[in-house]
Amino acid sequence: MESLFEFLSDKWWLVFPLAAFTGHWANSWRKASERRHQRRVELYKLRNQHLAAEQASTAEVEALMATHDATNRRWLDYELDVGKLIEFPLMTDVREPLTVAFLRAKREADGQRPNTAADITSPARLEAYRQAVNSFAVALDVAEREARRIRDSKFTGPERERLATARKLLMIAENHAATPAERQAAYKRARRELDGLIVLPDVTVAALEERIAPGLESGREPSEFRRN
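Residues numbered from 1 in each chain as written. Predicted model: local features only at pLDDT ≥ 70, side-chain atom pairs only at ≥ 80, totals over all residues. Heavy atoms only, no water.

Draft legend 1. Focus on the side chain of Thr92. Locating Thr92 in the fold gives a position in the loop between helix H3 (82–87) and helix H4 (97–112). Once residues lying within four places of it in the same chain are set aside, the contact partners of Thr92 are Trp75, Leu85, Thr99, Val199 and Pro201. (Helix = DSSP H or I, 4+ residues; strand = E, 2+ residues; numbered from the N terminus. Contact = heavy atoms within 4.5 Å.)

Draft legend 2. Here's a closer look at the nonpolar core. Formed by 34 residues in total, the largest nonpolar core has its most connected members in Ile86, Met91, Phe102, Leu194 and Ile198. The element that contributes the greatest number of residues to this core is helix H5 (residues 123–150), accounting for seven residues. Setting aside residues up to four positions removed in sequence, Phe102 forms contacts with Trp75, Met91, Phe136, Ala139, Leu140 and Ala143. (Core = buried A, V, L, I, M, F, W, Y, C linked by side-chain atoms within 4.5 Å. Buried < 20%, exposed > 50% of the residue type's maximum accessible area, 1.4 Å probe, protein only.)

Draft legend 3. Fine view of the packing of helix H6 (residues 157–173) against helix H7 (residues 180–194). Axis separation between H6 and H7 bottoms out at 8 Å; the angle between their running directions is 155 degrees. The angle between the axes of H6 and H7 places the two elements in the roughly antiparallel class. Crossing of H6 against H7: the hand is left-handed. Listed contacts from H7 to Arg162, Leu163, Thr165, Ala166, Leu169, Leu170, Ile172 and Ala173 of H6 are Glu182, Arg183, Ala186, Tyr187, Arg189, Ala190, Arg192, Glu193 and Leu194. Partitioned by chemical class, the residues of the contact of H6 with H7 number 10 nonpolar, one polar and six charged. (Axes fitted to C-alpha atoms, helices over the stretch in contact; angles between N-to-C directions. Parallel < 35°, antiparallel > 145°, perpendicular 65-115°, else oblique. Left-handed = near helix turned anticlockwise from the far one by under 90°. Nonpolar A, V, L, I, M, F, W, Y, C, P; charged D, E, K, R; others polar.)

Draft legend 4. Structural detail: the environment of Ala207. Examined against the element boundaries, Ala207 turns out to sit in helix H8 (residues 202–212). Under the relative-accessibility criterion, Ala207 is labelled buried at 14%. Sequence spacing of Ala207 and Leu80 is 127 residues, and the spatial spacing of their C-alpha atoms is 6.0 Å.

Draft legend 5. A look at a nonpolar patch on the surface. On the surface, Leu76, Leu80 and Val203 cluster together to form a nonpolar patch covering roughly 200 Å² of accessible area. With respect to the helices and strands, the residue Val203 is situated in helix H8. On the accessibility criterion, Val203 (37% relative accessible area) is partly exposed. (Patch = residues over 30% accessible without salt bridge, like charges linked within 9 Å, V, L, I, M, F, W, Y side chains within 5 Å. Areas by Shrake-Rupley, 256 points an atom, 1.4 Å probe, with all protein chains shown as cover. Salt bridge = Lys/Arg side-chain N within 4 Å of Asp/Glu carboxyl O.)

Draft legend 6. Representation of the pattern of salt bridges. Tallying each qualifying case throughout the model produces 12 salt bridges. Arg74 is paired through a salt bridge with Asp141; the nearest N and O atoms lie 2.7 Å apart. Taken together, the residues Arg74 in helix H2 (residues 15–79) and Asp141 in helix H5 connect sequence positions 67 residues apart. What makes Asp141 partly exposed here is its relative accessible area of 28%. Linking Asp110 and Lys106 is a salt bridge whose minimum nitrogen-to-oxygen distance equals 3.1 Å. Within this pair, Asp110 and its partner Lys106 are both found in helix H4, separated by four residues, close to a single helical turn.

This is how it looks when you write it as structure tokens:
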């Protein structure tokens, strides 16, 4: 013990380098701890940014699906309303390039549509669906403007008279104030007036017959609106 004290008394100057070394080591440890903490903060931010990006992507898909639904509803306004189709016959005339274009765009958008927004995760898939929905909306806009511009101008005078007569007859057929016999007679006459002029989709005929079914005889033959 005495020799230790003698050694320490002779080497007291070692306290300064030891203190400096200890201070340097403590400072290095503190900096390393700060770097580890900073890396943890950065990783946390990156994870949150990734989650936020996923949420933004899901919200964008949901917005596209809402646009898709709204465009489909615009088309259904024509497809489920015989009067509207009589007024704008181009909307179901597959001989018209604009009609074919928007129907093709609709099929493409419907094919790209996911079951849920979460089903689209890649940017490429999202972009493909966005382009399909936008093309569908634009194609419908163009066809609709043209249909409203020309209306029934491509028909002859007698054909336009038949269309006007059919529109009035269908109003009677759908009028619940009329007797069943009146409604049925109006419906049959409307079928004859429209035959050979415009083609109504099956879904249009089904919607019409559902509305006027109470006035029609049971067991009637399939509607003459349906054409091959």
